[in-house]
Protein chains: 2
Amino acid sequence: MPSSLRAELQQAPALFENFLARFFQENAERYAYGDLFEPLYLDLTEFVGRRGKRIRPMLMLAAYRAFGGSRPIEDHAVLRSALSLELLHAFILIHDDVIDQSERRRGLPTFHKLVEERLGKSDGAARVGGNVAVVIGDILFAMALDTLRTTDFAPAIRDAALSHFLRYISDTGAGEIYDILLGTRDIARVSEADIARMYTLKTTRYTFEAPLVLGALLAGVSDDLLHELAELIEPVGLAFQIQNDLIEYQQFKGVDRLRQTDILEGKKTLLLRVAYDHLEDLDRSFLQLCLSTRASNDASVSKIEQLIDKSGAVGLLARRMEDLFQKAETDLSHSSFTPTQADGLREAFSLVRQQTQHTGTQ
Amino acid sequence: MPSSLRAELQQAPALFENFLARFFQENAERYAYGDLFEPLYLDLTEFVGRRGKRIRPMLMLAAYRAFGGSRPIEDHAVLRSALSLELLHAFILIHDDVIDQSERRRGLPTFHKLVEERLGKSDGAARVGGNVAVVIGDILFAMALDTLRTTDFAPAIRDAALSHFLRYISDTGAGEIYDILLGTRDIARVSEADIARMYTLKTTRYTFEAPLVLGALLAGVSDDLLHELAELIEPVGLAFQIQNDLIEYQQFKGVDRLRQTDILEGKKTLLLRVAYDHLEDLDRSFLQLCLSTRASNDASVSKIEQLIDKSGAVGLLARRMEDLFQKAETDLSHSSFTPTQADGLREAFSLVRQQTQHTGTQ
């Protein structure tokens, strides 16, 4: 990545935050649905405005410029496209939090908890909070699409962008459904391939493929090259998901053992499955038992931790993660991308690794 | 409406059902997300394929031809556009049924109940059913948009159609949120204007305005005329919603008194508010009390029924409904539409009245 481009991208976070804040201000009238809706629009503004890592918009901006996009990143259409990805992310988070009954997001209450808290101790406040959050998610989904639709790129480019965007939403939904349904199964009946497919569909598609393909597409890259790009991204996405598993596990082993984590929710992670595969029969049965009761008491939680440690799964997955990153590097060196494009992608992946090594891609 | 057009529209229901069934067959590969997803795709095919009244696609086809659309209704792009409205409707129904915890839809289990039933008596099956249904709704939303996006109308027309479509989704969501939040309020704190706005946003927009405006837009009608059309539709939509209230009330008074109806769910309907307005103080307090307990026992249900009857609200609303239909007729006679267009709209409204007079627009 040429240093001029790196300098340009250093401006991106501040530009993006300003653009996002202005977007919600400027659209207040468009969403002026009356007094009951007004506080929800403010909640939405606050929710989307919370400082996240903005991985998706940043990857898109980097890809757009690395693939030779002719506009500067402060161009409205470029920033709008990046914003559409953050709105998509917020929509997915809101529905995901309702589904998982999560209470905190980015250090603050989840959207459904915000609504619930405003209703006070009234009858059925929790259900109303969840219901409103589902519908706000739907509205945000429409908002994300309309944001992408109203850029001033050429019609054929915009149409292709919308087509990809809709496909990613559908893939992400399928991945979410895998996550939900695998959660109901015994670990013995969930294969590594099931989990890897779930990771790819649920997270890689919209977190890595969508931003990079969208950035490249808007920069004018051909369909063949977009296809190659998507293939290159898959192992990287899986590597980042393994990193997430390992980070979650560290947090699980940390002080706040009983807080909500994937393991306690019955989620099937690669870490659990690899641990299961590398345990002896008796330990396997123990692991199944502790997972199936889903009791968040100290005894079963400690046992799960002990079994995972004993299996050596952490070390195995750390190596697999490095292998996947290495594979991506090799693929990149043999790809049809120009050296500048390849360097841009390397830089983008490395940036995401730096940003996510402590807290993951969520 | 010329008789040739009427004859053409008589073919529409059969054409549409065939097109819908073929659509799901042809897209099976596109949604081949693996073994866990396959049964859900079949559920979705069955759910959307259930014989509904198809009000929205039929209105769209009628409007397209009445406003001089040049293609025959069996044209793929015309039928695809009509289908996108039915997919949108199915998405809204699926989320609505999760929100209302409804168990039956079109005489069969709601989508979340289908999923729940397949899981058997397992732990948390109801929650999993609801969660999967939320995500299937999201996927259907994307499917509806992609169906509209992939017609072969001119790019500018398609773009305008998508723009309207997204707006209707957002309006419908805002209406749904009003429905949820007004449901938590005491009837005294919910104005007629609140309820009328909720009806317009939640139902009129996507049930009447979306099909008619989309049909006219695809036929090449100008923005000014589309705007006039939307204004004309609002009173008609409210009239149909009042009709729904009255039908619901008849069903409520019928044999199956304890089955789930809007009144028992705490929904704020115009009928309830008008009844409240026309009762003496003591009866008002009684009504408030019966509604606030939300107890579906025979005593409170009988009392609500008795109070509504006593208020005269049914007669008042029946007259208001006729006045609104009459207003639409007067508006139509003074509109900028050609006699053919006006006749087409009259015919469309009359068709919907015939179809809905016993079971409503749901």
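To keep things clear, this report deals only with the structure shown in the data block. (Residues numbered from 1 in each chain as written. Chains lettered and ligands numbered in written order. Predicted model: local features only at pLDDT ≥ 70, side-chain atom pairs only at ≥ 80, totals over all residues. Heavy atoms only, no water.)

Some points on the overall build of chain A
If you tally the helices and strands in chain A, you get 15 helices and 2 strands. Relative to the compact-globule value of 21 Å for 362 residues, chain A shows a C-alpha radius of gyration of 21 Å, a close match. Projected onto the principal axes, the alpha-carbon positions of chain A cover approximately 60 × 60 × 30 Å. Going through the 362 residues of chain A one by one, you find that 59% of them count as buried. Of all intrachain contacts in chain A linking residues separated by at least 6 positions in sequence, the fraction that spans at least 24 positions is 76%. For chain A, the computed accessible surface area is about 14,300 Å², with 51% contributed by carbon and sulfur atoms. When the 41 positive and 52 negative side-chain charges of chain A are each reduced to one mean point, those points stand 2 Å apart. (Helix = DSSP H or I, 4+ residues; strand = E, 2+ residues; numbered from the N terminus. Rg over C-alpha atoms; globule rule 2.2 N^0.38 Å. Buried < 20%, exposed > 50% of the residue type's maximum accessible area, 1.4 Å probe, protein only. Contact = heavy atoms within 4.5 Å. Areas by Shrake-Rupley, 256 points an atom, 1.4 Å probe, with all protein chains shown as cover. Lys, Arg positive; Asp, Glu negative; His and termini not counted. Charge placed at Lys NZ, Arg CZ, Asp CG, Glu CD.)

Focus: the relation of the copies chain A and chain B
For the match of chain A to chain B, the screw axis carries a shift of 0.0 Å, the RMSD comes to 0.0 Å, and the turn is 180°. The superposition operator between the copies reduces to a two-fold rotation axis. Most of the interface of chain A is mirrored in chain B, where 98% of its interface residues are also at the interface. (Least-squares fit on C-alpha atoms with pLDDT ≥ 70 in both.)

Some points on the packing of aromatic side chains
Applying the stated rule across the entire model yields 23 aromatic pairs over all chains. Judged by centre distance (6.4 Å) and plane angle (70°), the ring pair of Tyr31(A) and Tyr33(A) falls under edge-to-face. You can call Tyr31(A) buried: its relative accessible area is 6%. Given the relative accessible area of 6%, Tyr33(A) is considered buried. Ring geometry for Tyr64(B) and Phe153(B): centres 6.4 Å apart, planes at 65°, overall edge-to-face. One end of the pair, Tyr64(B), is in helix H4 (residues 55–66); the other, Phe153(B), is in the loop between helix H7 (125–149) and helix H8 (155–182), with 89 residues separating them in the sequence. Note on accessibility: Tyr64(B) and Phe153(B) belong to one class, buried. Among the aromatic side chains, those forming a connected cluster through ring pairs are Phe23(A), Phe24(A), Tyr31(A), Tyr33(A), Phe37(A) and Tyr41(A). Over the ring of Tyr31(A) we find Arg30(A); its NZ or CZ atom is 4.2 Å from the centre of that ring. A cation sits over an aromatic face here: Lys303(A) above Phe286(A), 4.3 Å from the ring centre. (Phe/Tyr/Trp six-rings, centres within 6.5 Å; stacked < 30°, edge-to-face > 60°. Lys NZ or Arg CZ within 6 Å of the ring centre and 35° of its normal.)

What to know about the interface of chain A and chain B
Facing 50 residues of chain A, the contacting portion of chain B comprises 50 residues. Taking both partners together, chain A and chain B bury about 4,500 Å²; carbon and sulfur atoms supply 66% of that area. Of all residues in chain A, Tyr33(A), Leu36(A) and Ile177(A) give up the largest surface area on contact with chain B, accounting jointly for 15% of the area buried on that side. At the junction of chain A with chain B, the criterion picks out 6 salt bridges. We note a salt bridge from Arg149(B) to Asp159(A), for which the minimum N-O separation is 3.1 Å. The interface formed by chain A and chain B holds 28 residue pairs in polar contact (both at pLDDT 80 or more) in total. Counting only elements with at least two residues in the side of chain A that touches chain B, the list comes to helix H5 (76–100), helix H7 (125–149), helix H8 (155–183) and helix H9 (192–218) of chain A. A per-element tally of the side of chain A that touches chain B places H8(A) first, with 17 residues. Along the lines of polarity and charge, the residues of the side of chain A that touches chain B split into 27 nonpolar, 8 polar and 15 charged. (Buried area = accessible area lost by both parts, 1.4 Å probe. Salt bridge = Lys/Arg side-chain N within 4 Å of Asp/Glu carboxyl O. Polar contact = N/O pair within 3.5 Å; in protein donor to acceptor, adjacent residues only side chain to side chain. Nonpolar A, V, L, I, M, F, W, Y, C, P; charged D, E, K, R; others polar.)

Considerations on the nonpolar core
In terms of nonpolar packing, the biggest core is built from 266 residues, with Phe37(A), Leu61(A), Phe111(A), Phe37(B), Leu61(B) and Phe111(B) touching the most fellow members. With near-sequence residues (within four places) excluded, Phe37(B) lies in contact with Ala174(A), Ile177(A), Tyr178(A), Tyr31(B), Ile136(B) and Ile139(B). (Core = buried A, V, L, I, M, F, W, Y, C linked by side-chain atoms within 4.5 Å.)

Comments concerning the packing of helix H3 (residues 38–49) of chain A against H5(A)
All names here are of chain A. Two elements in contact, H3 and H5, have axes whose closest approach is 10 Å; the angle formed by their N-to-C orientations is 105°. It follows from the interaxial angle that H3 and H5 lie roughly perpendicular. Two secondary-structure elements touch here, H3 through Leu44, Phe47 and Val48 and H5 through Leu87, Ala90, Leu93 and Ile94. Of the residues assigned to the contact of H3 with H5, the class counts are 7 nonpolar, no polar and no charged. (Axes fitted to C-alpha atoms, helices over the stretch in contact; angles between N-to-C directions. Parallel < 35°, antiparallel > 145°, perpendicular 65-115°, else oblique.)

Side note on helix H15 (residues 339–356) of chain A
Residues and elements named next belong to chain A. With 18 residues, H15 should reach 26 Å at 1.5 Å per residue; the first-to-last C-alpha distance of 26 Å fits that figure. Three or more residues of H15 are buried, namely Gln341, Ala342, Gly344, Leu345, Ala348, Phe349, Val352 and Thr356. Down the axis of H15, the buried side of the element spans an arc of 160°, and every buried residue falls inside it. H15 presents Pro339 and Gln354 as exposed residues on the side facing more than 90 degrees away from its buried surface. In this structure, the buried residues of H15 make contact with helix H4 (55–66), H9, helix H10 (223–253) and helix H14 (313–333). (Expected span 1.5 Å × (residues − 1). Arc of directions from axis to C-beta.)

Remarks on the side chain of Ser170(B)
Inspection of the secondary structure assignment puts Ser170(B) in helix H8. Judged by relative accessible area, Ser170(B) falls into the buried class, the value being 0%.

Notes on a nonpolar patch on the surface
All names here are of chain A. A cluster of nonpolar side chains, namely Leu282, Phe286 and Leu289, defines an oily patch on the protein surface of about 320 Å² accessible area. Within the secondary structure layout, Leu282 lies in helix H12 (residues 281–293). Classification of Leu282 as exposed rests on a relative accessible area of 64%. (Patch = residues over 30% accessible without salt bridge, like charges linked within 9 Å, V, L, I, M, F, W, Y side chains within 5 Å.)

Some remarks on the pattern of salt bridges
Tallied over the entire structure, the rule returns 66 salt bridges over all chains. Across the pair Arg71(A) and Asp152(A) runs a salt bridge, and its minimum N-O distance is 2.6 Å. One end of the pair, Arg71(A), is in the loop between H4 and H5; the other, Asp152(A), is in the loop between H7 and H8, with 81 residues separating them in the sequence. Two residues, Glu46(B) and Arg50(B), come together in a salt bridge whose shortest N-O distance is 2.7 Å. Classification of Glu46(B) as partly exposed rests on a relative accessible area of 32%. Residue class for Arg50(B) comes out buried when judged on its relative accessible area of 6%. Ionic contacts of the salt-bridge type, sharing partners, join the residues Glu17(A), Arg51(A), Arg54(A), Glu86(A) and Arg106(A) into one network.

So, to be careful, I would describe these as geometric facts and stop short of saying anything about function.
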